[in-house]
Amino acid sequence: MKPRIGVITFPGSLDDRDARRAVRVMGGEPVALWHGDSDLQGADAVILPGGFSYGDYLRTGAIAHFARIMDTVREHAEHGGPVLGICNGFQILCEAGLLPGALVRNRSLSFVCRQVHVRVDSDRTPFTRDLRLGTVLDVPVKHGEGQFVADTETLARLEEQGQVVFRYCSPAGDLGDEWNPNGATDHIAGVANPRGNVVGLMPHPEHAVDPDTGPTGGRALFESLLASFVPAAS
Amino acid sequence: MSEPLHRALGLTDEEHGRVVETLEREPNTAELAMYAAMWSEHCSYKSSKVHLRELPTEGPHILVGPGEDAGVVDLGEGLACVFKMESHSHPSAIEPYQGAATGVGGIVRDVLSMGARPVAILDPLRFGPLEEPRNRWLMSGVVAGIGGYGNCIGIPTVGGEVKFAEAHGANPTVNAMCVGFAPADRVIHAQAEVGAQLVLIGSRTGRDGIGGVSVLASRTLEEGSDEQRPSVQIGDPFAEKLLIEACLEMIESGLLSGLQDLGGAGITCAVSESAARGGTGAEIDLDAIPLREPGMEPFEILTSESQERMLAILRPESFGPVKAVCERWGLEHRVIGRATPEEGVRVMSRGKVVAEVPARSLADEGPTYDRPMSPPREQDDLLADDPADQPATVAERESLLRLLGSPNVASKRWVYEQYDSLVGGNTLAGPGSDAALIRIEGTRRAVAVSTDGNGRYGHLDPYLGGAHAVAESARNVACAGARPLAITNCLNFGNPERPEVMWAFRQTIDGMGEACRALGTPVTGGNVSFYNESGDSAIWPTPVVGMLGLIEEYGRRVGMAFTAGNAVYVLGETLPELGGSEYAEAILGTVSGRPPALDLDRESALIRLLVDGAQEGVLAGAHDCSDGGLAVTLAESAMAGDCGFGVSLPDEDLPPHVALFSESASRAVVSVEPERVEAFEALAARQEVPFARLGETGGAVMVFDGLFELPVEEARNVYESAIPTLMRRKTPAA
């Protein structure tokens, strides 16, 4: 049976259809979830997609984390279920306290939509467990508030416990301000919770699975996730 | 002595007389406001109607032509494409962020109201030179507004253009185009039937935007126009996103008989147009309309242009399910009236009739004017001053670099990186391409869309300006491998009460009409924006064309980028045509001469070759040759592919700067893999398109044999840094 991957639609979610399509393209079974429900419909993993939930008028992700389904997502995460927050979904997971840090306005003060490279810096998550450390993925970003920030202690803890999952980098994997699209602290593009099952990232892997629409650096994340549900051959 | 009310609202004394004649009495304030809005230039097209009739509007694949919210084209396989372009220049000049944002919101609702899911936005923009702080403020605000709204509603912004000219300084031009897809049998018309309920869905009605069409969009901007900021509407993209999803859900469930957006002239326009179209009357109750603030007068409610509202027309038994959909999406919804068998629109408030007028008199029977026309006196002198007569004083290499750094030609990355061009997951080619390509999900088909209009050409010869806009947009679509199908347009002009403006308008229509007929691309609708002037500064005649094309197998699409090892050709003929060119303006400092001639038979042949060449797989790359001529076209393909080339110019009779920078029409640069050269040349000969093999792609340097060499990297630095460098200059707050 194909793994069931739930994709939550909040009012103002924009990339929910795209995330469901990516799941389908990669061989999973997409399950549309509604913010007002409390049932994950048997989903093995949950994606919080990109967009501007509730218009992001208060603060990105600040209202969405009160949605009814978030209690169920929290429970799913506590039981070790995989959760992926993309862009606005990352912001919601931070607001919900499921991930450390916060995302603030890009240093340029402008929205930015472009292809970037990210380096895999942790393989302790279901989304990267099949990837070699240092692998460079070609994926797009599109956000106005994607600058990752956290206090010094948190940053130190993230590094120490291997919770930094992705960093913006050059095509060769080198770090530098010219490769960082939003001014994120330590070039951080994505982080995980201590257990590694909850991951948030600003780039959009769901927009990088189809060669007809651009580079396909997102495929590796879905492949890794889907493979994690296949029982190991004994 | 105070001005009579009808004049303050923008109606002339004669128009006021007509209202009295229609009603057989003096209109009250509410009625006068309704007529002023509906008979405004913006809503009634009173100065343009007699000329617009000359445009071809019919064709085998046209499902809906002008007159509805948006045009509809048959894409085959039971699919339809809905598309339209509109202007939001006047509000953007006063409040750039909200003006541009609500322009996007409005055009998206136009497409939605035909029952289609909006899938792409394009934004043609014109500003004054970026050396001026105010122009930088305007461009920053407009681009942020388009992004701020478009990025929040899940529709990719995939293209458009940005150009600069002194004439657009006081009056920027801000157009927005939207494309949507629907099953052909589900396209809906905003048409009432007797007994139908009129349900207002979405945001509350407030005082914003009152007089938007009559005061802002139908008059020139004068000193102190900043005081008109309250007439600019405020956008709420989150509400728009909910409206889009809720309306599409209702349409898919077959709950609606019609859907109309509330834009210019608000409820008055939506109700009177739906009623007039269905041949019914309507009765509405203002007390049922949810208001944002207490104490609004009937005339304010009737003409408010508050955004993110839709009028749904439905059979009473559908109201239950419609209510359920609205509640699920958290949208306000209220029955505000019904379609009646009588002919009039009756407006009730607190149990009293506050307005009662014939629906058709508002929507269809407004005044029309055939205004006087005459060419401007200086036109002949402008045409006679041919830049090709001037000696080239700047070396070719330097000229090319300057052109690549001229904001008209330079990379628009600064603009389009602020737009989400990816959402939806169907963008096969986005900003920076000749044409954007949007895949139709579940098929192998894609539509190609391009917007074009050359202001200098319009200024020098409005007939050619109109014709070139059609030809260039068709060529752009064909370069992607798609067959051009139909156009929408936005006709941006000055004050139609001036005979020179009206003359240019008519010339533009004639040129556009001829090109549309020759290329088989009818006009499905669009928008006229007059009064783009203030004081003694009017914009150039600026027709902008939005061309729609179809490619049946998107695996055959073609891009502009060079890859190494291919043969390079120029298609078409290069003539000594520097009139109105980018070279003439950027290097010689003159906007003069006759724009390039346009032979529409040649253009058709070129388009056929590009489409067939893509279909047969003989083209590795194709790029339209226009602004900056052959040299800029080659450089753009080189930069796009990060691949140099070596070429020699074919025509030894032309001085090098003419051969490099002439903007002769009906040309394209193509690259062909070595093993396809024979097939390609045979095809070009068969289509009777002149072609010349220039050389080959490869290396990191652009080599123009016997003239100069330029590393691709050096060109790119100039091309990419021009606009960011200008925009980094300090912009004082407005």
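Going along each chain's sequence as written, the residues are numbered from 1 onward. Throughout, the order in which chains and ligands are written sets their labels, letters from A for the former and numbers from 1 for the latter. In keeping with the predicted nature of the model, local features appear solely for residues at pLDDT of at least 70, side-chain atom pairs appear and are counted solely at 80 or more, and the whole-chain, interface and lining totals rest on all residues.

## Some points on the overall build of chain A
Logical step 1: Secondary structure elements are defined from DSSP: runs of H or I of at least 4 residues count as helices, runs of E of at least 2 residues count as strands, and each element is numbered from the N terminus. Counting secondary structure elements, chain A contains five helices and 11 strands.
Logical step 2: By the compact-globule yardstick of 17 Å for 234 residues, chain A fits well, its C-alpha radius of gyration being 16 Å.
Logical step 3: In terms of overall dimensions, chain A has a C-alpha envelope of 45 × 45 × 40 Å along the principal axes.
Logical step 4: Burial is judged by counting other C-beta atoms within 10 Å of a residue's own C-beta: 20 or more means buried, 12 or fewer means exposed, and anything between counts as partly exposed, with every C-beta placed from the backbone. Burial analysis of chain A (234 residues in total) assigns 57% to the buried set.
Logical step 5: When contacts within chain A are restricted to residue pairs at least 6 apart in sequence, those whose partners lie at least 24 apart make up 76%. Each radius of gyration reported is based on C-alpha atoms, and the globular scaling rule is 2.2 Å times the count of residues to the power 0.38. Residues are treated as contacting if the C-beta atoms built from their backbones sit within 7 Å of each other.

## Here's the deal with the overall build of chain B
Logical step 1: Within chain B, the secondary structure is distributed over 26 helices and 28 strands.
Logical step 2: A globule of 734 residues ought to have a C-alpha radius of gyration of about 27 Å, and chain B, at 26 Å, matches this closely.
Logical step 3: Seen along its three principal axes, the alpha-carbon backbone of chain B occupies a region of about 85 × 60 × 45 Å.
Logical step 4: Counting only residues that meet the buried cut, chain B has 63% of its 734 residues in that class.

## Considerations on the pairing of strand E10 (residues 309-314) of chain B
Residue and element names in this part refer to chain B.
Logical step 1: Within E10, six of the six residues are buried, leaving the element largely enclosed by the surrounding structure.
Logical step 2: The pairing criterion is simple: DSSP has to find at least two bridges between the two strands. Two elements, strand E7 (residues 197-202) and E10, share six bridges in a ladder whose sense is antiparallel. Following the sheet pairing, Gly-202 is matched in E10 by Arg-309.
Logical step 3: Of the pairings in the sheet, the one linking strand E8 (residues 258-261) to E10 comprises four bridges and is antiparallel in character. Residue Gly-258 lies in a different strand from E10, and its bridge partner there is Ile-313.

## Description of the sheet that holds strand E9 (residues 281-285) of chain B
Residue and element names in this part refer to chain B.
Logical step 1: With respect to topology, seven strands assemble into an open sheet ordered E8-E10-E7-E11-E9-E12-E13, the strand pairing being mixed. Edge positions in the open sheet fall to E8 and strand E13 (352-358), since each of these has one partner strand only. For this sheet the average axis-to-axis angle between neighbouring strands, irrespective of direction, equals 20°.
Logical step 2: Bridging between strand E12 (residues 344-349) and E13 involves six bridges; their strand directions are antiparallel. Axis angles are defined between N-to-C directions and span 0 to 180 degrees, where every axis is a line fitted to C-alpha atoms and, for a helix, only to the segment in contact.

## Overview of the interface of chain B and chain A
Logical step 1: Opposite the 22 residues of chain B that make contact, chain A presents 21 residues.
Logical step 2: Looking at the side of chain B that touches chain A, the elements that each hand over two or more residues are helix H10 (237-252) and strand E14 (427-429) of chain B.
Logical step 3: Element by element, the count of residues in the side of chain B that touches chain A is highest for H10 of chain B, at four residues.
Logical step 4: Residue composition of the side of chain B that touches chain A, by class: nine nonpolar, nine polar and four charged. Each residue gets one of three labels, nonpolar for Ala, Val, Leu, Ile, Met, Phe, Trp, Tyr, Cys and Pro, charged for Asp, Glu, Lys and Arg, and polar for the others, Gly among them.

## Description of the packing of H10 of chain B against helix H13 (residues 319-328) of chain B
Residue and element names in this part refer to chain B.
Logical step 1: At a minimum axis separation of 9 Å, H10 and H13 run at an interaxial angle of 150°. Here H13 runs roughly antiparallel to H10, going by the angle between their axes. Read as a crossing pair, H10 and H13 show a hand that is right-handed. Seen from H10, the contacting residues are Ala-246, Glu-249 and Met-250; seen from H13, they are Val-322, Val-325 and Cys-326. Angle categories: roughly parallel below 35 degrees, roughly antiparallel above 145, roughly perpendicular from 65 to 115, and oblique for all the rest. Should the near helix be turned anticlockwise from the far one by less than a right angle, the crossing is left-handed, and should it be turned clockwise, the crossing is right-handed.

## Some points on helix H8 (residues 133-150) of chain B
Logical step 1: A rise of 1.5 Å per residue sets the reference length of H8 of chain B, with its 18 residues, at 26 Å; its end C-alpha atoms lie 25 Å apart and thus fit the reference within 8%.
Logical step 2: Among the 18 residues in H8 of chain B, 13 count as buried, and that is most of the element. Given a helix with a known number of residues, its expected span is that number minus one, times 1.5 Å.

## Observations regarding unusual backbone geometry
Residues and elements named next belong to chain B.
Logical step 1: Of note, the phi angle at Ala-265 is positive, near 65°, even though the residue is not glycine.
Logical step 2: With respect to the helices and strands, Ala-265 occurs in the loop between E8 and helix H11 (266-278).
Logical step 3: We note that Arg-350 has phi near 50°; this positive angle belongs to a residue other than glycine.
Logical step 4: Inspection of the secondary structure assignment puts Arg-350 in the loop between E12 and E13.

## So, the environment of Ile-723 of chain B
All names here are of chain B.
Logical step 1: Tracing the backbone shows Ile-723 in helix H26 (residues 712-728).
Logical step 2: Classification of Ile-723 as buried rests on a count of 21 C-beta atoms within 10 Å.
Logical step 3: A C-alpha to C-alpha distance of 36 Å links Ile-723 and Arg-377, two positions 346 residues apart in sequence.
Logical step 4: Setting aside its immediate chain neighbours within four residues, Ile-723 contacts Pro-407, Ala-410, Ser-411, Lys-412 and Trp-414.

## Quick notes on the nonpolar core
Residue and element names in this part refer to chain B.
Logical step 1: Judged by nonpolar contacts, the single largest core of 306 residues is most densely connected at Ala-312, Ala-448 and Val-470.
Logical step 2: The leading source of residues in this core is helix H19 (residues 462-479), at 10 residues.
Logical step 3: In this view, Ala-312 contacts Val-199, Ile-201, Met-250, Leu-256, Leu-259 and Val-322; residues no more than four positions away in its chain are not counted. Note on terminology: a nonpolar core is any set of buried Ala, Val, Leu, Ile, Met, Phe, Trp, Tyr and Cys residues joined through C-beta atoms within 7 Å.

## A word on the confidence of the model for chain B
Detailed reading of the predicted coordinates is not advisable wherever pLDDT is low.
Logical step 1: With 96% of its residues at a pLDDT of 70 or more, chain B shows a mean pLDDT of 94.
Logical step 2: Quick note on the complex model: pTM equals 0.95, ipTM equals 0.96. Values of pLDDT, ranging from 0 to 100, describe the predictor's confidence in every residue of the model.

## Quick notes on the sheet that holds strand E3 (residues 45-48) of chain A
Residues and elements named next belong to chain A.
Logical step 1: Read from one edge to the other, the open sheet built from nine strands follows the order E2-E1-E3-E4-E11-E10-E9-E6-E7, with strand pairing classed as mixed. Unpaired on one side and paired on the other, strand E2 (29-34) and strand E7 (136-143) mark the two borders of the sheet. Put simply, the sheet's adjacent strands are angled 25° from each other on average, direction ignored.
Logical step 2: Sheet topology places strand E6 (residues 112-120) next to E7; eight bridges connect them, and they run antiparallel. The residue of E7 that forms the bridge with Gln-115 is Pro-140.
Logical step 3: Of the strands in this sheet, strand E1 (4-9), E2, E3 and strand E4 (83-86) are in contact with helix H1 (residues 16-25), which crosses E1 at around 175°.
Logical step 4: Strands E1, E2, E3, E4 and strand E11 (198-201) of the sheet are contacted by helix H2 (residues 69-78), whose axis makes an angle of about 130° with E4.

## Re the packing of helix H3 (residues 29-38) of chain B against H11 of chain B
Residues and elements named next belong to chain B.
Logical step 1: Running from N to C, H3 and H11 point in directions that differ by 75°, and their axes come no closer than 10 Å. Between H3 and H11, the interaxial angle falls into the category roughly perpendicular. On H11, the residues touching Met-34, Ala-37 and Met-38 of H3 are Thr-268, Cys-269 and Ser-272.
Logical step 2: Partitioned by chemical class, the residues of the contact of H3 with H11 number four nonpolar, two polar and no charged.

## Topic: the pairing of E3 of chain A
Within a regular strand, the side chains alternate between the two sheet faces.
Residues and elements named next belong to chain A.
Logical step 1: Neither face of E3 is exposed, since Ala-45 and Ile-47 on one face and Val-46 and Leu-48 on the opposite face are all buried.
Logical step 2: Bridge count for E3 against E4 is three bridges, and the pairing is parallel. Each residue of the ladder has a partner; that of Val-46, found in E4, is Val-83.
Logical step 3: Crossover handedness is defined by viewing with both strands directed away from the observer: a clockwise path from the first strand over the helix to the second marks the crossover as right-handed. Crossover handedness for the path E3 to H2 to E4: right-handed.

## Describing the environment of Gly-254 of chain B
Residue and element names in this part refer to chain B.
Logical step 1: You can see Gly-254 is positioned in the loop between H10 and E8.
Logical step 2: Overall, the presence of 11 C-beta atoms within 10 Å leaves Gly-254 in the exposed class.
Logical step 3: Sequence-wise, Gly-254 and Glu-497 are 243 residues apart; in three dimensions their C-alpha atoms are separated by 46 Å.

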